[in-house]
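Observations on chain architecture
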Amino acid sequence: MKSYGYAAHRAKEPLRPFAFERRELANRDVALDVLYCGVCHSDLHQVRDEWGVGIFPMVPGHEMIGRVTAVGSQVSRFKPGDLAGVGVMVDSCRKCESCQQGLEQYCEKGCTFTYNSPTADGQPTYGGYARNIVADDSFVLRIPGGLDPAAAAPLLCAGITTYSPLRHWRVKGQKVGVVGLGGLGHLAVKFAHAMGARVVLFTTSEGKAPDALRFGADEVVISTNENEMKRHADSLDFIVNAISAQHNLNPYLGLLKRDGVMALVGLPDKDLSFSIPNLSFKRRQIAGTAIGGIAETQEMLDFCANHGIVCDIELIPIQKINEAFERMSRNDVKYRFVIDLASLRNESR
Ligand code: NAP
Ligand code: ZN
Ligand code: ZN
């Protein structure tokens, strides 16, 4: 199937138009015309090859909502015309313990990511900065009615990545810190608030405080202000750390009470430092967590429909993607860019 989108042809190069082939529809496949695709900071890390695993040309995009155009003969969950979503994964082994437990993101054979991932036929996967996508129906999500598709698209990555740890560590009734008010962080605030936590948002950007309060934070702390930080020392049960850049963990670890947990969702290109006594003498824990399983992603979408949660977005035509990446690297995003793929229809190919 022919497709067309925007690709980084080499690491660090601006994205430009790219014509490519999608696989033909197999029995269990769903084909979608992409309507909206969120711009995740992971897209920026990967087009710049900051994780050192880039396959080029690379069509990024793993937060997409589209309209089903065709389904394979064995697909019963979707029909043409349905709204559907594709997130960060498009396949996994389905047999290992993690897959059997609905934790496909931790597949022991390694899951297949939506883009920048090798496949058995030797072709890499290509993401959602494109007209269409073909994916196995087990990895396609239903979009509940009532969610604005443009504002819901980033839920497919930013949403599940913050929902999953807040559920896993059962934050209801806890004092929860969210560090970094970006795409992930602003959803972490909304989810933690909706789950019944008391939420403190830690930011380096003074101007974001009113937005954080609107998203459901009970308090906002400027993390560079030592006095403000001290007021919360040893008091948090749980922290979601969504910072995209290298930073020192110690000031944030000092916020945790005994046995408190900091879950790192940010994936900076360089390792982070912390002092071991800062953990030892309060039995604090640092954890990592990656997106969420497919069933949990569906649960998250339903939770969003029930609680009226979507992202705060800035809709852009695809022709503005390089500018959007520049702005994201300058921390100038409120709070997620979403590409309107209607903008691709004006391009001839
Ligand atoms: P984003 O929208 O760019 O937000 C990142 C936030 O980090 C910024 O808004 C800023 O918050 C803070 N920040 C940036 N540079 C900083 C610095 N030098 N020091 C302190 N704070 C800084 O990014 P995103 O899309 O939310 O993604 C965040 C990270 O999560 C990325 O590394 C991404 O790759 C990763 N990610 C991981 C997963 C996973 O499965 N684990 C999934 C998706 C994304 P303030 O202005 O409030 O300080
Ligand atoms: Zn992402
Ligand atoms: Zn598996």
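How each quantity is defined
Residues numbered from 1 in each chain as written. Chains lettered and ligands numbered in written order. Predicted model: local features only at pLDDT ≥ 70, side-chain atom pairs only at ≥ 80, totals over all residues. Heavy atoms only, no water. Donors = N, O, S within 2.8 Å, 3.2 Å for Na, K, Ca; no water. Tetrahedral: all angles 85-135°; square planar, octahedral: opposite > 155°, others 65-115°. Helix = DSSP H or I, 4+ residues; strand = E, 2+ residues; numbered from the N terminus. Buried < 20%, exposed > 50% of the residue type's maximum accessible area, 1.4 Å probe, protein only. Near = heavy atom within 4 Å. Polar contact = N/O pair within 3.5 Å; in protein donor to acceptor, adjacent residues only side chain to side chain. Areas by Shrake-Rupley, 256 points an atom, 1.4 Å probe, with all protein chains shown as cover. Nonpolar A, V, L, I, M, F, W, Y, C, P; charged D, E, K, R; others polar. Domains from an automatic or database assignment. Buried area = accessible area lost by both parts, 1.4 Å probe. Salt bridge = Lys/Arg side-chain N within 4 Å of Asp/Glu carboxyl O. Pairing = 2+ DSSP bridges. Axes fitted to C-alpha atoms, helices over the stretch in contact; angles between N-to-C directions. Parallel < 35°, antiparallel > 145°, perpendicular 65-115°, else oblique. Left-handed = near helix turned anticlockwise from the far one by under 90°. Contact = heavy atoms within 4.5 Å.

1. A closer look at the coordination of the zinc ion (ligand 3)
Protein coordination of the zinc ion (ligand 3) is provided by C93 (SG), C96 (SG), C99 (SG) and C107 (SG), with donor distances spanning 2.3 to 2.4 Å. The site at the zinc ion (ligand 3) holds four donor atoms, and with the angles between them running 104 to 119 degrees, its shape is tetrahedral. The sequence motif formed by the donor residues of the zinc ion (ligand 3) is C-x2-C-x2-C-x7-C. Of the two residues, C96 is situated in the loop between β6 (89-91) and α2 (97-100) and C107 in the loop between α2 and β7 (112-113); the sequence distance between them amounts to eleven residues. Of the two residues examined, C96 and C107, each falls in the buried class.

2. What about the site of ligand 1?
Taken together, 29 residues are adjacent to ligand 1, and T203, T204, S205, K208 and R336 come closest. Within the contact set of ligand 1, an oxygen atom lies 2.5 Å away from a side-chain nitrogen or oxygen of S205. Burial of ligand 1 by the protein amounts to 89% of the accessible area it has alone, namely 920 Å². Elements represented by at least two residues in the shell around ligand 1 include exactly α1 (41-47) and α5 (183-194). In terms of residue class, the shell around ligand 1 is built from 13 nonpolar, 14 polar and two charged. When residues of the shell around ligand 1 are assigned to domains, at least three map to each of domain 1 (2-157 + 312-345) and domain 2 (160-288).

3. Digging into the domain arrangement of the protein
Partitioning the protein into structural domains gives domain 1 (2-157 + 312-345) and domain 2 (160-288). Between the C-alpha centres of domain 1 and domain 2 the distance comes to 28 Å. For the pair domain 1 and domain 2, the summed buried area comes to about 1400 Å², and 48% of that belongs to carbon and sulfur atoms. On the surface where domain 1 and domain 2 come into contact, there are three salt bridges. A salt bridge links D312 to K190; the nearest nitrogen and oxygen atoms lie 2.7 Å apart. In this assembly, domain 1 and domain 2 are joined by eleven residue pairs in polar contact (both at pLDDT 80 or more).

4. Points about the pattern of salt bridges
A full pass over the atoms with the stated rule returns 25 salt bridges. For R10, the salt bridge goes to E13, with nearest N and O atoms at 2.9 Å. Take R10: its relative accessible area is 56%, and that puts it in the exposed class. Classification of E13 as partly exposed rests on a relative accessible area of 23%. A single network of salt bridges, built from pairs that share partners, joins K190, D211, R214, D312 and K334.

5. Considerations on the pairing of strand β1 (residues 2-8)
Counted residue by residue, β1 has six buried out of seven residues, so it is predominantly covered. The pairing of β1 with strand β2 (residues 15-21) spans seven bridges and is classified as antiparallel. Directly across from G5, in β2, lies its bridge partner F18. Between β1 and β2, which follow one another and run antiparallel, lie six residues, and K12 among them has a positive phi close to 70 degrees.

6. Digging into the sheet that holds strand β13 (residues 236-241)
Read from one edge to the other, the open sheet built from six strands follows the order β12-β11-β10-β13-β14-β15, with strand pairing classed as parallel. The open sheet has two edge strands with one neighbour each: β12 (219-222) and β15 (285-288). Taking each pair of neighbouring strands and ignoring which way they run, the sheet shows an average axis angle of 20 degrees. With five bridges joining them, β13 and strand β14 (residues 256-264) adopt parallel strand pairing. From the neighbouring strand, L236 faces β14, where its bridge partner is L256.

7. A closer look at the coordination of the zinc ion (ligand 2)
Only C40 (SG), H62 (NE2) and C157 (SG) from the protein coordinate the zinc ion (ligand 2), and they sit 2.0 to 2.2 Å from it. As a motif over one chain, the donors of the zinc ion (ligand 2) read C-x21-H-x94-C. Here the residue C40 occupies a position in the loop between β3 (29-39) and α1, and C157 occupies one in the loop between α3 (149-152) and α4 (158-168), the gap between them amounting to 117 residues. Just as C40 is buried, C157 falls in that class too.

8. Points about the packing of α4 against α5
Angle between the axes and distance between the axes: these two values describe a pair of packed helices. Closest axis-to-axis distance for the α4/α5 pair is 8 Å, and the angle between their directions is 45 degrees. Our classification of the angle between α4 and α5 gives oblique. Viewed along their axes, α4 and α5 form a crossing whose handedness is right-handed. On α5, the residues touching A158, G159, T161, T162, Y163 and L166 of α4 are G183, L184, L187, A188, F191 and A192. A per-class count over the contact of α4 with α5 returns eight nonpolar, four polar and no charged.

9. Points about the environment of W169
Here W169 lies in the loop between α4 and β10 (175-179). For the pair W169 and A263, spaced 94 residues apart in sequence, the C-alpha separation works out to 9.3 Å. What W169 contacts, discounting residues up to four positions off in sequence, is Q174, F238, V261, A263, A287 and T289.

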